[in-house]
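Read off the chains here:
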Amino acid sequence: MLSASANKLSRLKEQAEEYAALIMEELDPEGLGYIELWQLETLLLQKDTYMNYSQALSYTSQALSQNLAGLRTKSPIRKLRTTLSYYLEDNWKRLWVLALWIGIMAGLFTWKFMQYRNRYVFNVMGYCVTTAKGAAETLKLNMAIILLPVCRNTITWLRNTRAARALPFDDNINFHKTIAAAIVVGIILHAGNHLVCDFPRLIKSSNEKYAPLGQYFGETKPSYFALVKGVEGITGVIMVICMVIAFTLATRWFRRSLVKLPKPFDKLTGFNAFWYSHHLFIIVYLALIVHGQCLYLIHVWYRKTTWMYLAVPVCLYVGERVLRFFRSGSYSVRLLKVAIYPGNVLTLQMSKPPAFRYKSGQYMFVQCPAVSPFEWHPFSITSAPGDDYLSIHVRQLGDWTRELKRVFAAACEPPVGGKSGLLRADETTKKTLPKLLIDGPYGSPAQDYSKYDVLLLVGLGIGATPFISILKDLLNNIIKMEEDEDASTDLYPPVGPNKPHIDLGTLMTVTSKPKRVLRTTNAYFYWVTREQGSFDWFKGVMNEIAELDQRNIIEMHNYLTSVYEEGDARSVLITMLQALNHAKNGVDIVSGTKVRTHFARPNWKKVLSKIASKHPYAKIGVFYCGAPVLAQELNKLCHEFNGKSTTKFEFHKEHF
């Protein structure tokens, strides 16, 4: 009990008597009723009996990985060339898109700058007006293309075309944020130059200098207030205010509630504040169109180009929102099962609409009208495409998920004996379950897992959800492939002198049937979590894979960070118990599954070393979902091993 308490294993404390009896059974086979201290010491010191079981890497794999370190040391120039070549290979899609975007912005800025440099207005307002107008042209472009990365349906469709070979669709949200940063710079240059530079210069100019500009600003020289309160000025101020609010509440500090504000200002933090404030852009785009039609210095309609920039992206985005509205209404789902597990995780299993077709790794948006009739939130689909149902796992991380859990908990019933989960509900539940609407599916990096020879799937906590569907899909493909092979053997037995004759029809049936080819030869799943109860979330999936994966294609590793690492005196008893129980019952005492649990955090360098040694010349897809800190470490290690070994690692991070 002390050992379980030190390692924050509450369930082991409850089963202390059972595991004490297991130790007695091991050390007192004659049934004397007691053991001596030296016997327990001997068991704890027999590291070979249980340490190899709990360690992620065997000594053989570590020895193989050391071969990587023995490679010939490269010269600084060759090392730089190798690093640069791998960097270009991994980032060429991003680089050419960014270069094109920056080049177009620079061209538009220069074109508009020179246009106004050659106009009379330059003699009055100077470089203030040229800079403001150049920035305005980039703002038109960016306000148009910032909508494209969030056209999720279009991006999901394009992922399946040849465009995916040249465009970095995995970075759509990052590109959206980059454009937003460019818009901030453009606003500062445009609005700042107007308000503090060229407006004051216009007002202070002599009547002689002002006279040629009378056709634009009126015969009488306007005051500063008159310029600001005009249609162009008011719409500009409205846009700036709305953007400041939306951009501020979209920052990580506000969106993730890292900023703690006193009540009632605490409502300004969290996902809800980000979601609703982002809809201020409806006002922004309306004001932008009006702003672009009421320019002071341009009166000819075809030179007012704002609407030309916005027409296609706005229509595409509005079309997508309309499609989502009607599609979500047509996707009628019926809740089949609800369960609330330790760690504040809600599992929702629902019927799959006939038209809802998806790939493993994709996600969908979910709305619960009982919580909010307007909010849609993305969740990874944890069921496999071959399953006859849809499932998602929702962890309580914010105000919306907290309310969702409360609503479903009220409809659940206490657990029935023998069933997992704290609270459960299904179609037989007496209480009415809340209604759900779904929309999707939408593309993600993990959906392309099948193009890799080997997979390394890394999930932190609830970040395991995108990969559960992949593991189930892989398992289904393995089973189908084995069934096809068995069926082929039955239809086409060996032909010989004493073998039955095969008619032409059977022969053509067998040979014309395409063989199922599984490119992915191995998958390594690493799940790192802080709470022992987290393993209940996917216990059934892990046991199913452990039972049915006879070819050892899928290798699963659970890591519990609350337990002290292997070799630490505080966890040595737990490690020994783990090995004893698995040897006797085939079940891991920590996770309650057939999958072994390792302690503390993985040594990612050793993990990649093992995979690189085991799969030379293979193309390995590294998929990660979790905290950004580990993403940076894994990405760095992938680059490092690409330069050291013959294995090619490609890193992908999940983000919605």
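Rules used in this analysis
- Residues numbered from 1 in each chain as written.
- Predicted model: local features only at pLDDT ≥ 70, side-chain atom pairs only at ≥ 80, totals over all residues.
- Heavy atoms only, no water.
- UniProt positions renumbered as here; feature names shortened; annotations may be inferred.
- Axes fitted to C-alpha atoms, helices over the stretch in contact; angles between N-to-C directions.
- Helix = DSSP H or I, 4+ residues; strand = E, 2+ residues; numbered from the N terminus.
- Parallel < 35°, antiparallel > 145°, perpendicular 65-115°, else oblique.
- Contact = heavy atoms within 4.5 Å.
- Nonpolar A, V, L, I, M, F, W, Y, C, P; charged D, E, K, R; others polar.
- Left-handed = near helix turned anticlockwise from the far one by under 90°.
- Disulfide = S-S within 2.5 Å.
- Buried < 20%, exposed > 50% of the residue type's maximum accessible area, 1.4 Å probe, protein only.
- Pairing = 2+ DSSP bridges.
- Salt bridge = Lys/Arg side-chain N within 4 Å of Asp/Glu carboxyl O.
- 1 Å grid on protein atoms, 1.4 Å probe; cavity = no way out; pocket = protein on both sides within 12 Å on 5 of 7 lines; lining within 4 Å.
- Points joined across faces, edges and corners; volume = space filled by probe spheres on them.
- Core = buried A, V, L, I, M, F, W, Y, C linked by side-chain atoms within 4.5 Å.
- Expected span 1.5 Å × (residues − 1).
- Bend = angle between axes of the 7 residues up to and from the residue.

As recorded in an unreviewed UniProt entry, the chain goes by FAD-binding FR-type domain-containing protein and comes from Panicum virgatum. UniProt, in its Sequence similarities (unreviewed entry) section for the chain, records the words "Belongs to the RBOH (TC 5.B.1.3) family." Note on the chain: under the UniProt heading Subcellular location (unreviewed entry), the record states "Membrane".

J.: Requested: an account of the packing of helix H18 (residues 281-293) against helix H19 (residues 306-330), with residues and values cited.
T.: Between two packed helices, what matters for the description is the angle formed by their axes and the separation of those axes. Following both chains from N to C, one finds H18 and H19 inclined at 150°, their axes separated by 9 Å at the closest point. Of the possible angle classes, the one that applies to H18 and H19 is roughly antiparallel. Contacts from Tyr285, Leu288, Ile289, Gly292 and Gln293 in H18 reach Thr306, Trp307, Leu310 and Val314 in H19. Looking at the contact of H18 with H19 residue by residue, the classes come out as 6 nonpolar, 3 polar and no charged.

J.: How would you sum up the packing of helix H7 (residues 76-117) against helix H11 (residues 172-204)? Please name residues and give values.
T.: Interhelical geometry of H7 versus H11 gives an angle of 25° and a closest axis separation of 13 Å. Compared by their axis directions, H7 and H11 come out roughly parallel. H11 is crossed by H7, and the crossing has right-handed handedness. Contacts between H7 and H11 involve Val97, Leu98 and Trp101 from the first element and Phe175, Thr178, Ile179 and Ala182 from the second. When its residues are assigned to classes, the contact of H7 with H11 shows 6 nonpolar, 1 polar and no charged.

J.: With reference to specific residues and values, describe the UniProt feature "transmembrane region" (unreviewed entry) in the chain.
T.: The feature "transmembrane region" (unreviewed entry), as given by UniProt, occupies residues 95-114, 233-254, 275-301 and 454-471 in the numbering adopted here. Across residues 275-301, helical content stands at 63% and strand content at 0%; the span's end C-alpha atoms are separated by 36 Å.

J.: Could you give an account of the state of the cysteines, with specific residues and numbers?
T.: Scanning the entire structure with this criterion turns up 1 disulfide. Note on cysteine connectivity: cysteine 128 is disulfide-linked to cysteine 197, with sulfurs 1.5 Å apart. Pair noted here: cysteine 128 is in helix H9 (residues 127-145) and cysteine 197 is in helix H11, with a separation of 69 residues, a long-range link. On the basis of relative accessible area, cysteine 128 is assigned to the buried category, the value being 8%.

J.: Any chance you could break down the pairing of strand S5 (residues 389-395) for me, citing the residues and the numbers?
T.: The buried count for S5 comes to 7 of 7 residues, which makes it a mostly enclosed element. Burial along S5 is two-sided: Tyr389, Ser391, His393 and Arg395 facing one way and Leu390, Ile392 and Val394 facing the other are all buried. Of the pairings in the sheet, the one linking strand S2 (residues 345-351) to S5 comprises 7 bridges and is antiparallel in character. Opposite leucine 348, over in S5, you have isoleucine 392 as the bridge partner.

J.: Requested: an account of the pattern of salt bridges, with residues and values cited.
T.: With the rule as written, the count across this model stands at 11 salt bridges. Residue arginine 327 pairs with aspartate 439 through a salt bridge whose shortest N-O separation is 2.9 Å. Within this pair, whereas arginine 327 is found in helix H19, its partner aspartate 439 is found in strand S7 (residues 437-442), the two being separated by 112 residues in sequence. You'll find arginine 327 and aspartate 439 in the same group, each marked buried. For glutamate 640, the salt bridge identified is with lysine 605, shortest N-O distance 3.4 Å. Of this pair, glutamate 640 sits in helix H26 (residues 628-644) while lysine 605 sits in helix H25 (residues 604-614), placing them 35 residues apart in sequence. Look at lysine 605 and you get partly exposed, because its relative accessible area is 41%. Each of the salt bridges in this network shares a partner with another, and the network as a whole consists of Lys112, Glu137 and Lys140.

J.: So what about empty space enclosed by the protein? Which residues, and what values?
T.: In total, this model carries 2 cavities of 30 Å³ or more according to the counting rule given. Empty space within the second largest cavity amounts to approximately 60 Å³. Taken together, Met125, Lys133, His194, Asp198, Phe199, Phe217, Glu232, Tyr296 and Leu297 form the lining of the second largest cavity. It is H11 that provides the largest number of residues to the lining of the second largest cavity, a total of 3 residues.

J.: Which residues make up the sheet that holds strand S3 (residues 363-367), and what values go with them?
T.: Reading across from one edge, S4-S3-S7 is the order of the 3 strands in this open sheet, with antiparallel pairing throughout. The open sheet has two edge strands, strand S4 (377-380) and S7, and neither has a second partner. With strand direction ignored, the average angle separating the axes of adjacent strands in the sheet is 30°. One ladder, built from 4 bridges, connects S3 with S7; its direction is antiparallel. Directly across from valine 366, in S7, lies its bridge partner isoleucine 438. Relative to the sheet, H19 contacts S3 and S7, its axis offset from that of S7 by approximately 120°.

J.: How would you explain the nonpolar core if you had to name every residue and give the values?
T.: Judged by nonpolar contacts, the single largest core of 49 residues is most densely connected at Leu455 and Phe525. Here the element with the most residues in this core is helix H21 (residues 465-491); it accounts for 7 residues. Among the nonpolar cores identified, the runner-up in size contains 29 residues, and Val333, Met364, Val366 and Leu436 belong to it.

J.: Explain the environment of lysine 8 residue by residue, including any values.
T.: Tracing the backbone through its elements, the reader meets lysine 8 in the loop between helix H1 (2-6) and helix H2 (10-14). Residue class for lysine 8 comes out exposed when judged on its relative accessible area of 65%. Note: C-alpha distance between lysine 8 and tyrosine 564 (556 residues apart in sequence) is 9.9 Å.

J.: Account for H11, naming residues and giving values.
T.: Taking 1.5 Å of rise per residue, the 33 residues of H11 would be expected to cover 48 Å, and the 46 Å separating its terminal C-alpha atoms lies within 8% of that figure. Its axis deflected by about 45° at histidine 194, H11 carries its strongest bend there.

J.: I'd like a description of unusual backbone geometry, backed by residues and values.
T.: The step from glycine 440 to proline 441 runs through a cis peptide bond, and the omega angle for that step is 0°. By secondary structure assignment, the location of proline 441 is in strand S7. Of note, alanine 600 is a non-glycine position whose phi angle comes to about 65°, a positive value. For alanine 600, the location among the structural elements is in the loop between strand S11 (597-599) and H25.

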